[in-house]
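# Inside the fold
Chain by chain, the residues:
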Amino acid sequence: MLLGENRMVSSVGTTTTDASGNQYKVVLSDDFSSGYKYSNWGSVYHGGVYGNGAFWWNASDVKVTSGEMQVSATRHANNSWSAGGFNSKAAGITIKYGTVEFDARVETAQGTQAAIMMWPKSDVWPRDGEIDILETPKGTGMHTVHWAGANNQDTYSAKLSGIDTNQTHHYKMTWLPNLLTISVDGKVVGTWTNPDIIPDTAMGFGAMSYVAASNQAWLGGAPNSTTPSKVTTHIDNVVMSQWTGAGSSGGTTPSAPTTPTTPTTPPVTKTIGTGGDTLVLKISQDAYNGNAQYTISVDGKQIGTTLTASASHAAGQDDTITVKGDWGAGSHKVTVNFLNDAYGGSAALDRNLHVDGITFNGKALSNGTADLSKNGPVDFGFAKATTPTPTPTPAPSTDPAVVVKTIGSGSDTIVMKVSQDAYNGNCQYIVSVDGKQIGGTLSAGALHSTSKDDIITIKGDWGVGDHKLTVKFINDASGSGGDRNLYIDDLTFNGTTFAKDTATFRINGPNDFRFSEAAEGFAATYIGTAYKDSFAVDHGDGRVVIDRFTSGSDKLVFNDLAKADLHMATTTQGGVSGLLLTFDDTADTVFLAHVSKLATTDMLFV
């Protein structure tokens, strides 16, 4: 029984009215003093392997004991993992708007986490959304809303609370048409007010344990020898109430509370250096009292100036840093040097830097990840072949299941890494560029659970401008023995990583990936896409040229440059008209091609 054992749990049918006049009626109440109630929770999850291939559902991992619900992840004698899950929708109990509150304690261990959530009654995801009242990546409290973005792509907004989830806390979600809040021990830690992202369909309350795969860096990777054989989430005193609208007092949906939040900046895309070779680094951070700062060097020579991280590691985001150079045949070393570590006494108050992946000329480095928890350098080796070819073809795999295939013809190259969860046959899919199918129907071979990939090379001549790669999954299947899913694990265009380079297909349908080809001779530092882009400009960068910047959608993120020193003027450079941004007392400039004006909201100064 959790520390909240003495908390009074409201009875089903009880009505309450909040300070704004909103009324709620209790539809589920359980203090788990009478064992597992099928009338509240229905049948628990059982059978089938989860999509990441790291665990399978096991009914034995859910039980009520000592007056609490326990949901576990369990290591078995053959070193496989199982996990438990349950949801009230299995008993036919859901709400559309309302409140849920409960007490919870989540045991922390390498490679595991809990998700205590609202899941749509329809099971249609991400279209009908998801509310993660609590997730615990690497023992950190995270609170997230998911919704369907462009092309039904999973899109989310995550808030980090910094709480110690290994201790018991009282959680409450208040879900209304134009306001969603999550509070911990009475303090609001997450607020969303955009009705376009707040779910508006019936949902059930439940929880699941989760075991990470080795390639899931945002969770810290897979379990290891330090992970206990059983890791448990403890839940008690659950009360779920349906919102019934405004009461007789005439109340309205409350406005969002003014809770202090830590300023955040979106992930950035930046290019440093010049030359024909390309390193692409995926960088993220744990921010604390400011952002992580670092430098990048190749063979001992620093490229560019001090860089500032922006992307949140806990939210699964990455900055994309492209390093250009001419490094010649042979072995080389890229070094990332963390400069400003800070620690406030707990894991939630710890500034860290993460290298989440590196590619060299489109090929991933085998040891291209690192977690930098203190100041200092980390080296990553890479090599350039003696006789490089413009478009290297991956060597055939010795694994007979892995597919290596080239489709189409032309001078441009897309390299796509694909894997699958096979079930009653392999995944099948088709590939199109700008609406035109290339090749026939393709069959996946590599299994996602083995961390191997099919290598599909797509050739074409697509010309200058914006383009769209479409992958369409065509033979989804599931049953008691498994679930057939398709994964895009990496995408590059002419050696440069796509802005969106991964996707998971759990149902039939298409997914689009955008890429651009620059005009010959126009020396753009950055090239925007059709989606929301963020461009980082640091003090000391010198001349920066940005093509296809979209005011009102894209962001300029200025590091160590003062807004008061900014000047803007229209001009022409290289025969292209645009907007020139200059700063007092520095040689740094930014030229925005084809842009005539900027809004204040287009710029962030950090």
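For the structure, see preceding data.
Predicted model only: the values in this text are computed from it and were never measured.

This part is about the overall build of the protein chain. Check the secondary structure of the protein chain and you find 1 helix and 47 strands. Taken against the 2.2 N^0.38 rule, which gives 25 Å for 606 residues, the C-alpha radius of gyration of the protein chain at 26 Å falls within 12% of a compact globule. Judged by the C-alpha coordinates and their principal axes, the protein chain covers about 75 × 60 × 45 Å. Out of the 606 residues belonging to the protein chain, those deemed buried represent 50%.

All right, on to the pairing of strand β46 (residues 589-593) then. For β46, the buried fraction is high: 4 of the 5 residues fall into the buried class. Here 4 bridges tie strand β42 (residues 543-547) to β46, and the two strands are oriented parallel to one another. In the sheet register, Val544 faces β46, and the bridge partner there is Val590. For strand β45 (residues 576-583) and β46, the ladder comprises 5 bridges, and the chain directions are antiparallel. When the sheet's bridge partners are listed, Gly578 is paired in β46 with Ala593. The hairpin turn running from β45 into β46, its antiparallel successor, is 5 residues long, and Asp585 in that turn takes a positive phi close to 60°.

Let us look at the sheet that holds strand β11 (residues 140-148). Overall, antiparallel pairing links the 6 strands, which are arranged β7-β16-β9-β10-β11-β12 in an open sheet. A strand with exactly one partner marks an edge of an open sheet, and here the two such strands are β7 (85-87) and β12 (154-164). Each strand of the sheet is rotated relative to its neighbour by a mean of 15°, with strand direction disregarded. When β7 meets strand β16 (residues 203-211), the two strands line up antiparallel, connected through 3 bridges. Among the inter-strand pairings, Phe86 is bridged to a residue of β16, identified as Ala207.

Taking strand neighbours across the sheet as the criterion, the 4 strands line up as β32-β31-β34-β39 in an open arrangement whose pairing is antiparallel. In this open sheet, the two edge strands, each paired with only one partner strand, are β32 (436-443) and β39 (509-517). This sheet shows a mean twist of 20° between the axes of neighbouring strands, independent of strand direction. Relative to β32, strand β31 (residues 428-433) runs antiparallel, the two being bridged by 5 bridges. If you follow Ser432 over to β32, its bridge partner there is Gln437.

What follows covers the environment of Ala246. Along the chain, the position of Ala246 falls in strand β17 (residues 230-246). For Ala246, a relative accessible area of 44% puts it in the partly exposed group. C-alpha of Ala246 to C-alpha of Glu517: the two residues are 271 residues apart in sequence and 54 Å apart in space.

On to the pattern of salt bridges, then. Counting across every chain of the model gives 7 salt bridges. We note a salt bridge from Asp512 to Lys468, for which the minimum N-O separation is 3.9 Å. Placement of Asp512 in strand β39 and of Lys468 in strand β34 (residues 465-473) is noted, with a sequence separation of 44 residues between them. On the basis of relative accessible area, Asp512 is assigned to the buried category, the value being 7%. By relative accessible area, which is 26% here, Lys468 ends up partly exposed.

Here we come to the packing of aromatic side chains. Taken as a whole and assessed by the stated rule, the structure comprises 24 aromatic pairs. Here the aromatic rings of Phe32 and Trp41 are separated by 6.2 Å at their centres, their planes lie at 20°, and the arrangement is stacked. Of the two residues, Phe32 and Trp41, neither departs from the other in class, the shared state being buried. With a centroid separation of 5.0 Å and 25° between ring planes, the pair formed by Phe558 and Phe605 is classed as stacked. Of this pair, Phe558 sits in strand β43 (residues 555-559) while Phe605 sits in strand β47 (residues 603-605), and the two are 47 residues apart along the sequence. Look at Phe558 and you get buried, because its relative accessible area is 0%. Put simply, the rings of Phe32, Trp41, Phe86, Phe102, Tyr171 and Phe205 pair up and form one aromatic cluster. Cation over ring: Arg506 sits above Tyr50, and NZ or CZ is 5.8 Å from the ring centre.

Analysis parameters
- Residues numbered from 1 in each chain as written.
- Predicted model: local features only at pLDDT ≥ 70, side-chain atom pairs only at ≥ 80, totals over all residues.
- Heavy atoms only, no water.
- Helix = DSSP H or I, 4+ residues; strand = E, 2+ residues; numbered from the N terminus.
- Rg over C-alpha atoms; globule rule 2.2 N^0.38 Å.
- Buried < 20%, exposed > 50% of the residue type's maximum accessible area, 1.4 Å probe, protein only.
- Pairing = 2+ DSSP bridges.
- Axes fitted to C-alpha atoms, helices over the stretch in contact; angles between N-to-C directions.
- Salt bridge = Lys/Arg side-chain N within 4 Å of Asp/Glu carboxyl O.
- Phe/Tyr/Trp six-rings, centres within 6.5 Å; stacked < 30°, edge-to-face > 60°.
- Lys NZ or Arg CZ within 6 Å of the ring centre and 35° of its normal.

Function cannot be inferred from these measures alone, as they are strictly geometric.
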